[in-house]
Amino acid sequence: MRRVAATLLLCLMSVGASAETVALECGRVFDSVNARVLGPHVIVIEDERIAAVERGADYGGNGAVVDLSDATCLPGLMDMHTHITSQFSRTTYLDRFRDGPGEIAFKAVPYAERTLMAGFTTIRDLGDRDNLSVAMREAIQRGDLVGPRIVTSAKSIATTGGHADPTNGARFDIYPHPGPEDGVVNGIAEARQGVRQRYKDGADLIKITATGGVLSPAKNGQNPQFREDELRAIVETAADYDMPVAAHAHGAEGMKRAIRAGVISIEHGTLMDDEVIRLMKEHGTYFVPTLMAGEWVAEQAREPGFFPEVVRPKAATLGPMMTETFARAYKAGVKIAFGTDSGVSAHGDNAREFILMVDAGMPAAEALQSATATAAELLGMADRLGSLERGKLADIVAVPGNPVDDIALMEQVVFVMREGAIYRSPER
């Protein structure tokens, strides 16, 4: 009768609503701190937090019970590199001239929901347009939209002609000369102004494009694009506002400059060399590898006409290199946090990154840790998220079977809870 009542209660709850007390009877739980799977546990949630994590298969208290006895419960997954307000397609390079903020915002709504339903309860958004990820963050917090918790950089900061210069590939007379308000800076003063503008815009962190990129319509995908004094000005100014700095980087020299300047993470890291690895370990810099992006651009480069011709050779060359770089960085002991670059590949497919990481040599348990405890550390949220412990926010997901034995099970999420609210359940 208790399970029948619990099922009725869960069916009556609107999406995102939370019962006063909910107990999850988990067949297994993932201990993200020690990267291991444990046996049956009951997780008790009161309001938005975990009230207890108890050994055993059955809950003896009052409240709704969710039967996850055939599943493994994990902390809510975290993707440290997404672009939640866009998704790449054959028409992307034209859409930027056709779509205004309204069109982009409406297209982004299902991207957020797909991401949450795939088990990703927190994302770091690293580069948007028109500050739409800031607006989406607020809408999700208010409960107006269904989606993950968003930590966003808003508009990325680039130099003139750099990877995040929004006027790349456009006729000169279409756009005015972009400046710090548009995320384009040159010199120390503008670098500081660019950071302060992101603060004004409501960003949580700063994203810079320390080197060229693959998908921007510009020739070089790896050249350094900031001088080191500019990078230091960005990092120092961001620190005044308690904002860490994440650095997109494919080329080794741009990575070295960014690491020495004090960025918290290197994104992609395609041409990482031994000196970069040494610097990352010395400075404690996180590596966010985005293997899915490498796979995706390499596949699309084989399709004639999908990319502009200036982009296609970069995608064909740099994309396949990411897996080998990841394997070397992992073996060398670099700190790795999970990230997909979703928005390049499709939102909701984020869990494929686990498969690619394991195929490249990372044990499944460590891949799961990279998307939970390690990601929470990178965000500075380890006191609230990243592990199934009493007092932490009730961000919990479940997959059938044991994902440490078969990492592909991470693509079959059956339960999603964010801050105590159930969004997906096998009983609904």
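First things first, this report covers the structure right here in the doc. (Residues numbered from 1 in each chain as written. Predicted model: local features only at pLDDT ≥ 70, side-chain atom pairs only at ≥ 80, totals over all residues. Heavy atoms only, no water.)

Looking at the state of the cysteines
What counts, and what does not: By convention in this document, the label disulfide applies to cysteine sulfur atom pairs within 2.5 Å. Helix and strand definitions here come from DSSP, where helices need a minimum of 4 consecutive H or I residues and strands a minimum of 2 consecutive E residues; each element is numbered from the N-terminal end. To sort residues, take the accessible area from a 1.4 Å probe on protein chains only and compare it with the maximum for the residue type: under 20% means buried, over 50% means exposed, and anything in between is partly exposed.
If you walk through the whole model with that rule in mind, you get one disulfide. One disulfide in the model links C26 with C73; its S-S distance is 2.1 Å. In this structure, the disulfide formed by C26 and C73 twists by about -90 degrees around the S-S bond and is classed as left-handed. With C26 in strand 1 (residues 21-31) and C73 in strand 5 (residues 64-75), this pair connects stretches of sequence that are 47 residues apart. Each of the two residues, C26 as well as C73, counts as buried.

Points about unusual backbone geometry
The residue D47 is not glycine, and still its phi comes out positive at about 55 degrees. Within the secondary structure, D47 sits in the loop between strand 3 (41-46) and strand 4 (49-55). For T290, which is not a glycine, the phi torsion comes out positive at approximately 50 degrees. Tracing the backbone through its elements, the reader meets T290 in the loop between strand 12 (286-288) and helix 9 (291-301). Residue T290 is classed as buried on the basis of its relative accessible area, which comes to 0%.

Focus on the packing of helix 9 against helix 12 (residues 352-359)
Note the following rule: Between N-to-C directions, angles span 0 to 180 degrees; the directions come from axes that are lines fitted to C-alpha atoms, helices contributing only their stretch in contact. In this scheme, roughly parallel covers angles under 35 degrees and roughly antiparallel covers those over 145, while 65 to 115 is roughly perpendicular and the rest are oblique. In what follows, a contact means two residues having at least one pair of non-hydrogen atoms within 4.5 Å.
Look at helix 9 against helix 12: their axes get within 8 Å of each other, and the N-to-C directions meet at 95 degrees. By the angle class used here, helix 9 and helix 12 are roughly perpendicular. Of the residues in helix 12, those touching helix 9 at L291, M292 and E295 are R352, E353, L356 and M357.

Points about the pattern of salt bridges
Side-chain pairs of opposite charge can arise where the charged atoms are in close proximity. Counted only if it meets this: Salt bridges are counted wherever a side-chain nitrogen of Lys or Arg sits within 4 Å of a carboxyl oxygen of Asp or Glu.
Counted according to the given criterion, the structure contains 25 salt bridges. Across the pair R124 and E267 runs a salt bridge whose closest N-O atoms are separated by 2.7 Å. In this pair, R124 is assigned in strand 7 (residues 120-125) and E267 in strand 11 (residues 265-268), connecting sequence segments 143 residues apart. Of the two residues examined, R124 and E267, each falls in the buried class. Between D201 and R198 there is a salt bridge whose closest N-O contact spans 3.3 Å. Residue D201 and its partner R198 are located together in helix 5 (residues 188-201), separated by three residues, close to a single helical turn. This pair shows no difference in class: D201 is buried, exactly as R198 is. By sharing partners, the salt bridges in this structure join K256, D273, E275, R278 and E282 into a single network.

A word on the sheet that holds strand 10 (residues 245-249)
Basically, it comes down to this: We treat two strands as partners when DSSP finds at least two bridges between them.
Spatial strand order, 9-10-11-12-13: five strands in an open sheet with parallel pairing. With one partner strand each, in any of the chains shown, strand 9 (206-209) and strand 13 (335-336) form the two edges of the open sheet. With four bridges connecting them, strand 9 and strand 10 associate as parallel partners. In the strand pairing of strand 10, I206 is matched with V245.

Observations regarding the pairing of strand 10
Regular strands place their side chains on alternate faces of the sheet. Inclusion rule: Look down the strands so they point away from you; if the path from the first strand over the helix to the second goes clockwise, the crossover is right-handed.
With respect to burial, strand 10 is a largely interior element, five of its five residues being buried. Neither face of strand 10 is open: one carries V245, A247 and A249, the other A246 and H248, and all of them are buried. Relative to strand 11, strand 10 runs parallel, the two being bridged by four bridges. Counterpart to A249 in the pairing with strand 11 is H268. What joins strand 10 to strand 11 is helix 7 (residues 252-261), and the crossover it makes is right-handed.

What to know about the packing of helix 7 against helix 8 (residues 274-283)
Note the threshold: Crossings are sorted by hand: turned counterclockwise from the far helix by less than a right angle, the near helix makes the crossing left-handed, and turned clockwise it makes it right-handed. Note that Gly is not counted as nonpolar here; it falls among the polar residues with everything else outside the nonpolar set of Ala, Val, Leu, Ile, Met, Phe, Trp, Tyr, Cys and Pro and the charged set of Asp, Glu, Lys and Arg.
Where helix 7 contacts helix 8, the two axes come as close as 10 Å, and the packing angle between them is 15 degrees. On the basis of the axis angle, helix 7 is roughly parallel to helix 8. When the axes of helix 7 and helix 8 are compared, the crossing they make is left-handed. Residues A252, M255, K256, I259 and R260 of helix 7 form the contact with helix 8, whose own contacting residues are E275, V276, L279, M280 and H283. Each residue belonging to the contact of helix 7 with helix 8 can be placed in one class, and the counts come to six nonpolar, one polar and three charged.

As for the packing of aromatic side chains
Here is the rule: Only Phe, Tyr and Trp rings are paired, with Trp represented by its six-membered ring, and only when their centres lie within 6.5 Å; those with planes under 30 degrees apart are stacked, over 60 edge-to-face, the remainder tilted.
In total, this model carries 11 aromatic pairs according to the counting rule given. Aromatic rings pair up to connect F88, Y93, W296, F306 and F307 into one cluster.

Section: the environment of K200
Here K200 is to be found in helix 5. For K200 and A421, which are 221 residues apart along the polypeptide, the C-alpha to C-alpha distance reads 31 Å.

Brief notes about the side chain of E353
Defined as follows: When charges are counted, Lys and Arg contribute as positive and Asp and Glu as negative, whereas His and the chain ends are disregarded. A 3.5 Å cut-off defines polar contacts: any pair of N or O atoms within that distance qualifies, except that in protein one atom must be a possible hydrogen donor and the other a possible acceptor, and neighbouring residues in sequence count only when both atoms are side-chain atoms.
Along the polypeptide, E353 turns up in helix 12. One buried charged residue, E353, remains without a salt bridge, the closest side chain of opposite sign being R352 at 8.0 Å. A distance of 2.7 Å separates the side chain of E353 from the backbone nitrogen of L291, its partner in a polar contact. Dropping the residues within four chain positions of it, E353 is found in contact with P289, T290, L291, M292, F338, G339 and T340.

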